[in-house]
Protein chains: 2
Amino acid sequence: MRVEPPESWLGAVPLFEGLALGQLRALGEISEERQVSKGEIIFSDGDDGAGFFVIKTGMVKVYKVSWDGKEQVLHLFGPGEPFGEVPVFTGDRFPANAQAMEDGVVMFFPRRSFLTLIRGNPDLALKLLAVLSKRLRRFTALIEDLSLKEVPGRLAAYLLYMKEIRGGDMVIELDIPKNLLASLLGTIPETLSRVLGKMDKKGLIESEGPRIRIKDLDGLASLAETGGGL
Amino acid sequence: MRVEPPESWLGAVPLFEGLALGQLRALGEISEERQVSKGEIIFSDGDDGAGFFVIKTGMVKVYKVSWDGKEQVLHLFGPGEPFGEVPVFTGDRFPANAQAMEDGVVMFFPRRSFLTLIRGNPDLALKLLAVLSKRLRRFTALIEDLSLKEVPGRLAAYLLYMKEIRGGDMVIELDIPKNLLASLLGTIPETLSRVLGKMDKKGLIESEGPRIRIKDLDGLASLAETGGGL
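All values reported here derive from a predicted model rather than from experimental measurement. Within each chain, residues carry numbers counting from 1 in the order of the written sequence. Naming scheme: in the order in which they are written, chains are lettered from A and ligands are numbered from 1. Where local features are concerned, this predicted model is filtered to residues with pLDDT of at least 70; where side-chain atom pairs are given and counted, the filter is 80 or more; whole-chain, interface and lining totals use all residues. To get the side-chain values, all heavy atoms of the structure are used, and hydrogens and water are removed first.

Caption draft 1: Quick peek at the interface of chain B and chain A. Listed by partner, the interface residues are 42 residues for chain B and 42 residues for chain A. Buried area counts how much accessible surface, traced with a 1.4 Å probe, disappears from two parts once they are put together, with both parts' losses summed. The junction of chain B with chain A conceals about 4,400 Å² of combined surface from both sides, 70% of it contributed by carbon and sulfur atoms. Broken down residue by residue, the surface that chain B buries against chain A is led by Leu-126, Leu-129 and Arg-137 of chain B, which jointly contribute 16%. The salt bridge definition used is simple: a Lys or Arg side-chain nitrogen within 4 Å of an Asp or Glu carboxyl oxygen. Scanning the region where chain B abuts chain A turns up eight salt bridges. Here a polar contact means two N or O atoms within 3.5 Å. Within protein one must be a hydrogen donor candidate and the other an acceptor candidate, and residues neighboring in sequence count only if both atoms are side-chain atoms. One can count 14 residue pairs in polar contact (both at pLDDT 80 or more) joining chain B with chain A. Per the convention used, a helix needs a DSSP run of H or I reaching at least four residues, while a strand needs a run of E reaching at least two, with both numbered from the N terminus. For the side of chain B that touches chain A, the element with the most residues is helix α5 (residues 122–147) of chain B, which contributes 20 residues. Of the residues that constitute the side of chain B that touches chain A, the class distribution is 22 nonpolar, seven polar and 13 charged. Contact definition: two residues touch when any of their heavy atoms are within 4.5 Å. Three residue categories are used. Nonpolar comprises Ala, Val, Leu, Ile, Met, Phe, Trp, Tyr, Cys and Pro, charged comprises Asp, Glu, Lys and Arg, and polar comprises the others, including Gly.

Caption draft 2: How the structure looks around the nonpolar core. For our purposes a nonpolar core is just a set of buried Ala, Val, Leu, Ile, Met, Phe, Trp, Tyr and Cys residues, chained together by side-chain atoms within 4.5 Å. The buried label goes to any residue with under 20% of its type's maximum accessible area, the exposed label to any with over 50%, and the partly exposed label to all in between, with areas taken from a 1.4 Å probe on protein chains only. Counting 96 residues, the largest nonpolar core has Phe-16, Phe-83 and Phe-114 of chain A together with Phe-16, Phe-83 and Phe-114 of chain B as the members making the most contacts within it. Residues within four places of Phe-114 of chain A in sequence aside, it is in contact with Leu-27, Ile-30, Phe-52, Phe-89 and Leu-128 of chain A together with Leu-126 and Leu-129 of chain B.

Caption draft 3: Just helix α9 (residues 217–226) of chain B, in detail. Residues and elements named next belong to chain B. By the burial criterion, the buried members of α9 are Gly-219, Leu-220 and Leu-223. In an axial view of α9, the angular spread of the buried residues amounts to 100 degrees, which keeps them on one side of the axis. In α9, the exposed residues that point more than 90 degrees away from the buried face are Asp-218 and Glu-225. Elements that come into contact with the buried residues of α9 comprise α6 (151–165), α8 (189–201), β10 (205–208) and β11 (211–214). Note that the arc is defined by the directions from the helix axis to the C-beta atoms.

Caption draft 4: Inspection of the pattern of salt bridges at higher detail. If you walk through the whole model with that rule in mind, you get 32 salt bridges over all chains. Note that Glu-17 of chain B and Arg-138 of chain B form a salt bridge whose closest N and O atoms lie 3.8 Å from each other. With a gap of 121 residues between them, Glu-17 of chain B in the loop between α1 (6–10) and α2 (21–30) and Arg-138 of chain B in helix α5 connect regions that are remote in the sequence. With a relative accessible area of 44%, Arg-138 of chain B lands in the partly exposed category. One salt bridge connects Glu-173 of chain B with Arg-211 of chain B, and the closest N-O pair in it is separated by 3.2 Å. Within this pair, whereas Glu-173 of chain B is found in strand β9 (residues 171–173), its partner Arg-211 of chain B is found in strand β11, the two being separated by 38 residues in sequence. Taken together, the shared-partner salt bridges in this structure form one network comprising Glu-81 of chain A together with Glu-144 and Arg-194 of chain B.

Caption draft 5: Structural detail: the sheet that holds β10 of chain B. Residues and elements named next belong to chain B. Spatial ordering of the open sheet is given by β9-β11-β10, a layout of three strands whose pairing is antiparallel. Looking at which strands have only one partner, the edges of the open sheet turn out to be β9 and β10. Neighbouring strand axes in the sheet, compared pairwise and without regard to direction, differ in orientation by 15 degrees on average. Think of it this way: DSSP has to see at least two bridges between two strands before they count as a pair. Bridge analysis of β9 against β11 gives three bridges, and the strand direction is antiparallel. What sits directly across from Ile-172, in β11, is Ile-212. Seen against the sheet, α8 touches β10 and β11 and runs at an angle of roughly 135 degrees to β10. Axes, fitted as lines to C-alpha atoms, cover a helix only where it is in contact. Angles between the N-to-C directions of the axes lie from 0 to 180 degrees.

Caption draft 6: Layout of the packing of aromatic side chains. Pairs were defined over the aromatic rings of Phe, Tyr and Trp, the Trp ring being its six-membered one, requiring ring centres within 6.5 Å. Orientation was assigned from the angle between planes: stacked under 30 degrees, edge-to-face over 60, tilted for the rest. Overall, the coordinates contain 22 aromatic pairs over all chains when judged by the stated rule. Ring geometry for Phe-77 of chain B versus Phe-83 of chain B: centroids 6.3 Å apart, planes at 15 degrees, classification stacked. With respect to burial, Phe-77 of chain B and Phe-83 of chain B carry one shared label: buried. One aromatic cluster is present, built from ring pairs that chain together Phe-43, Phe-53, Phe-77, Phe-83, Phe-94 and Phe-108 of chain A. Should the NZ of a Lys or the CZ of an Arg lie within 6 Å of a ring centre and within 35 degrees of the ring normal, that charge is described as sitting over the ring. Above the face of the Phe-108 of chain B ring, Arg-34 of chain B is positioned so that its terminal group lies 4.1 Å from the ring centre.

Below is the structure:
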């Protein structure tokens, strides 16, 4: 069997994509490989977040158990995906349970060593931030692509509904936080802003902060009906 | 006019969401507020990435100019959104131009001060990583929701197509990187893995790494035809 240096595997993990060889090697040095068996609990709700994991092989389920014992699966993670990193990065306890769904191998990155690594190596922290930023940007664009067919129509319907329940006033004050409205419409705040901007440019509304004035009621109504794009 | 401390505004920026007050204050201290006028070039393609920006008010266009002088808009950013942070985090030059689309205010975070801040404050780096990780996770779930209607059908069609061009063999070796296949299908690798897993559980295929064996040709064909979910 050929033994691969850990950095060659780590370089293929999206979280570490584009890191320099030396940085991958440093990460490899603080990581610990762990075998997990099908059904094994990797961490439990409330455990101290002593470190995070990246799956090498296998599948891991992250879930909560409700008061009445019902299991709610939050995420399923596969090869190359990190899990437990959010509470570990924030210094919190694990807010859920993680269980191996099949025999596999996970890499464990202890929080303490990770912190030390970053302290001596702030460039690595920036690189990791860059990787995540870049992925976020790609994901934002994809969400925009996927939701741009439906969000304008839904937003138009929402604005017409708000106008009705506010007694027909053409000026609507959005009293719901933008991120909440975005998830109500099945998208993200960034896309919502863009859609508002486009509606404004098309002369359908005038949007200024949380204040929206309906300028073209018929246009808005037809957008809400057809559900079409802008 | 009431002057707000910068940290109160910074706390509402998604990139800094959930940071402690002291951390926001430290970020506020290294940031510089800049007025930008409509049409102003904020940075140009090839400029040294001396720092990144977060938009306070206004709208910024990030674009490339092709050899024949044509402008290609890459992103439009609005209030609360960072721009230029990827090249700044990686230590590269700006790979595109940024121009203010309206009068506005941007906050500038010099790379050098940001690095110093993180060196003395590795917890801040971890917190920022946590913020980005959490957003990525939310975005991943949303992409899954948005694309789960269409990706299974498209993947089924792709597998049938591969089977045809490989002379009818029921075993297909995916010789395309997973992230490329994911974008071909309009999704992300994480969702692609999940869809493969579900197809496997439903008995349509047997999937092991890049090797996929078609087990239920009719089922796959009907999935490709109806484009329905799993």
